[in-house]
Structures are given as structure tokens and as C-alpha cells.
Amino acid sequence: MSPHSDRTRLISSATRRGQGRRPVNPPIERASTMLSDRAETMRDDADGPTYGLDGGSAARQLRAALADLEGAADAFIVPSGLAAVTVPLLALTRPGDEVITSDAIYGPSRRFLARYQAARGVTTRFLPADTDAAGLIAALGDRTRLVLMESPASLTFEMIDVAAVASACRNRGVLTVIDNTWGAGLAFKPLAYGVDVSIQALTKYVSGHSDVLMGGIAASVPACLRAVADTIEDLGWHVSPDDAWLALRGLRTLPLRYGEQGRSGLIVAEWLQARPEVARVLYPPLPGAVGHDLWTRDFTGAASLMGVVLKGGHTAAACAFLDALSLFGMGYSWGGFESLITHETHQMAYRDHPPILEGELIRLHIGLEDPADLIADLEHGFAAFRAALTLP
Ligand SMILES: *Cc1c(COP(=O)(O)O)cnc(C)c1O
């Protein structure tokens, strides 16, 4: 491995010498059919892909850069972040197996486990979101084949001791998969902590501009790599060359955007924590927040996505808060250059063990705007929230 840091390697992989005259970025090769000169070599992939499904230059360079970033032997790309969750779950479980995960897992991942996997005969146990590593390890059973982690988890941002879970699972022959979208392959390196498969929604920080849907799957264990490759081939997943090119372009500037947004995220989180309308800020990088110790131990940076529990309120007051903002876009997803806000209270109803919250739950994604302007915008939101609370 190169002695250089992540931010250098993400760039130097584009400028490596000895490749002849070429553009900095790969060409976008739109192809289903690939032509050969001789019948004998038609099926020989030593000269490059033999069919469009195998992926072109941008896809190959993106996969190599992702594998390097995650410290993995190989990485795959699939058409959405959700597909990056479902592919390893399909590849690594068989009917009769059990999966253990958190109640706070990303909602569509829960739906896949509860609907599709259940119909396949793969059962799932959703442990309370605040279950720690010891509790999760104690829950492993004879049929447990795989543990799916997400740390911090979706919407309520609980952290888990990933190294402790991964090592206990490995000792018992249980596979571990982590959704590392919040860490973006940059601030947290799951494979170095003993996790078998690290996935992320490249849709978020890697693409970084809210214009691409894609998932990445990184692993080093040969049996896992083979099973994931076979499943992608069996299902026929393919990422378009234009999308692969955009994600590769985003990846070059990931550390800059992620670092800046994380710094702004902390500024906004600290301001929010001091507000009288806020009960709790769910953001492990914030000193005093739940999960701060594990985040400090394991992470080298912070994403800019956080939960905010308001003090009391109701749906109409939460909506008044969102409606009063002008700089925060109202929309799903995160990791782009723009700040976003969503109202999430109703999502808690889908959990097996809904958490007890002091009030309405909202989610903030902090973008690349000036944090002082974002804070001023949030002040307008709080004024509208207070006004909605005093209405009859
Ligand atoms: C958004 C998201 C995904 C799915 O990504 P899509 O590209 O939208 O399918 C998976 N996991 C987490 C934690 C996410 O936030």
C-alpha cells in the first residue's frame, strides 16, 4: 500500500505516471457490445471487458479507488446504496439462517430483511437500538449467520463497538456486514476493525452532488468476494458509465467536502445543543452526546448528518419549523453540497422497540454553506416552532 494519506491517494491514482498521453479523467465509454478482431480472442478478457456488463474504464478506476480507500482486496459498484445492502445479504445467507441487526438500521434495509429475506426463509432479529456490543454478542444464536451493523445508526445515531462485535463474530463463524455510509469509507475503516464486508451508499458523500444513485461493496475475505461477485452477476446489476464517471469525479474531492461539512456540522450541533427548544442533539462527534466515546476512539472525522430531538411539540409545530427555513432544502438523502432537513418522528413507529423521545425528531444534513448563515436560518425555524406551540 502507498505511504500516502487518503486525500493524496484519491488524487494520485489519477495522475500515476507511465500510462502514456491521456486525459486526467477516463473517457465515458457507453457500450453494451465490445468488438474483437479475432474469433479466438473474443472470450478472452485479458484485453479488457468482453461485454458492457463487465464495466468500462470509469467503473474499473472507481472500484480500484474504493477498494484502496476501504483497505479492501476488491470493491464492487451496484446501482443504488440499497442494492449495496441487499447484495451481500443475499449472497451470504441461505434459507434457515438468522440475521441479527439493530432496530435503528436504515429503513429500506429493514424492509428488505422483514419482507424479501423473510419470504426466502431468512429470519431477522432487530435488537433495541441502544444494545451494546456485549448485548449483541449475547444474542448470537446457533442459526445466526450474519450480523448487519450501522454505526452511527440511521435517524437516532447510536454507536456500537464494531471491533468487539467483529472479533466475537469471527470467533464463532458469523459474518459481519456494516453500512458505512456515515463514515464514507474515509472517517471509519471497518475492514481494519475485523468486519467482513463494508458497504456504503455512494449516492451520499462520495458522489457528493445529489445527482447519482450508487452503492459500493468492499471486502477482502475471498469467499465473501466470490459470493458477492456471483450475486451481482446472477442479478444482472450494472452501473452506467456516466454514473461511474460522476462518482469517480466526486470521490477525488471527498476528503475536502467531508472535512468541511463535518466542521460546520459540529458548529451547528453545538449551537443547537444550547437552544431552549432542543432536548437532545443526536450526533456522536458532539462532546457529551451518546456515542461520543466510541466515535472519538474509532473515527478520524465526522459526517454532517445529525438528529435533533425538539422539546415537545407535535407534527404541526415540526412542520412549521421546516417551512420557516429558506436555506435548508426539504428532501431525502444527504451527503451532497447542500443543507437538507427532514421530519422523522413518524419513522419511529416502524421500529420493534420505538425509543422514548422528548419531542419531535428532525434530521439535519449540513452542506457547504456558511454555518453562520445556516444558524440564522434555524433561528427563524425556532421562532416558527415557538409560535406554533402557543397557538390554541
Ligand atoms: C441512503 C442510504 C442508503 C441507500 O442509498 P440509496 O442510494 O438511496 O439506495 C443506505 N444506507 C444508508 C445508511 C443510507 O443513508
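Residues numbered from 1 in each chain as written. Predicted model: local features only at pLDDT ≥ 70, side-chain atom pairs only at ≥ 80, totals over all residues. Heavy atoms only, no water.

Looking at an unreviewed UniProt entry, the chain carries the name Cystathionine beta-lyase MetC, with the source organism given as Brevundimonas mediterranea. Under the UniProt heading Sequence similarities (unreviewed entry), the note attached to the chain is "Belongs to the trans-sulfuration enzymes family." The UniProt entry for the chain carries the following text under Cofactor (unreviewed entry): "pyridoxal 5'-phosphate". (UniProt positions renumbered as here; feature names shortened; annotations may be inferred.)

Chemist: Tell me about the sheet that holds strand β4 (residues 144-150), and please be specific about residues and values.
Modeler: Taken together, the seven strands give an open sheet; going across it, the order is β1-β7-β6-β5-β4-β2-β3, and neighbouring strands pair in mixed fashion. Lying at the two open borders of the sheet, with one neighbouring strand each, are β1 (74-78) and β3 (123-127). The average angle at which neighbouring strand axes cross in this sheet is 20 degrees, direction not considered. Pairing geometry for strand β6 (residues 197-201) and strand β7 (residues 215-219), over five bridges, is antiparallel. By the bridge assignment for β7, Ile199 is matched with Ile217. Each of β2 (98-102), β3 and β4 touches helix α4 (residues 107-119); the most contacted strand, β3, lies at about 140 degrees to it. (Pairing = 2+ DSSP bridges. Helix = DSSP H or I, 4+ residues; strand = E, 2+ residues; numbered from the N terminus. Axes fitted to C-alpha atoms, helices over the stretch in contact; angles between N-to-C directions. Contact = heavy atoms within 4.5 Å.)

Chemist: Explain the packing of aromatic side chains to me, and be specific about the residues and the numbers.
Modeler: Within this structure, the stated rule accounts for nine aromatic pairs. For the ring pair Phe112 and Tyr116, a centre distance of 5.5 Å and an interplane angle of 10 degrees mean the geometry is stacked. A residue pair is termed a helical-turn pair when its members lie 3 or 4 positions apart in one helix, as Phe112 and Tyr116 do in helix α4 at four residues. Centre to centre, the rings of Trp271 and Phe382 are 5.9 Å apart; their planes meet at 45 degrees, and the pair counts as tilted. Residue Trp271 is found in helix α9 (residues 254-273), and its partner Phe382 is found in helix α12 (residues 371-390); the two are separated by 111 residues along the sequence. Take Phe382: its relative accessible area is 0%, and that puts it in the buried class. Every member of this aromatic cluster is reached through a ring pair, and the members are Trp182, Phe188, Tyr193, Tyr283 and Phe299. (Phe/Tyr/Trp six-rings, centres within 6.5 Å; stacked < 30°, edge-to-face > 60°. Buried < 20%, exposed > 50% of the residue type's maximum accessible area, 1.4 Å probe, protein only.)

Chemist: Just give me the short version of the layout of surface pockets, but keep the residues and values in it.
Modeler: Empty space within the largest pocket amounts to approximately 760 Å³. Along the wall of the largest pocket there are 37 residues; nearest its centre are Tyr106, Gly107, Pro108, Ser154 and Arg363. Contributions of two or more residues to the lining of the largest pocket are made by α3 (81-92), α4 and β6. It is α4 that contributes the most residues to the lining of the largest pocket, four residues altogether. Of the residues that constitute the lining of the largest pocket, the class distribution is 19 nonpolar, nine polar and nine charged. Shared between two domains, the lining of the largest pocket holds at least three residues of each, these being domain 1 (6-252) and domain 2 (254-390). (1 Å grid on protein atoms, 1.4 Å probe; cavity = no way out; pocket = protein on both sides within 12 Å on 5 of 7 lines; lining within 4 Å. Points joined across faces, edges and corners; volume = space filled by probe spheres on them. Nonpolar A, V, L, I, M, F, W, Y, C, P; charged D, E, K, R; others polar. Domains from an automatic or database assignment.)

Chemist: With reference to specific residues and values, describe the side chain of Ser264.
Modeler: Assignment of secondary structure puts Ser264 in helix α9. Ser264 gets classed as buried once you look at its relative accessible area, which sits at 3%. Each residue touching Ser264, except ones within four places of it in the same chain, is listed here: Ile366, Gly367, Glu369 and Pro371.

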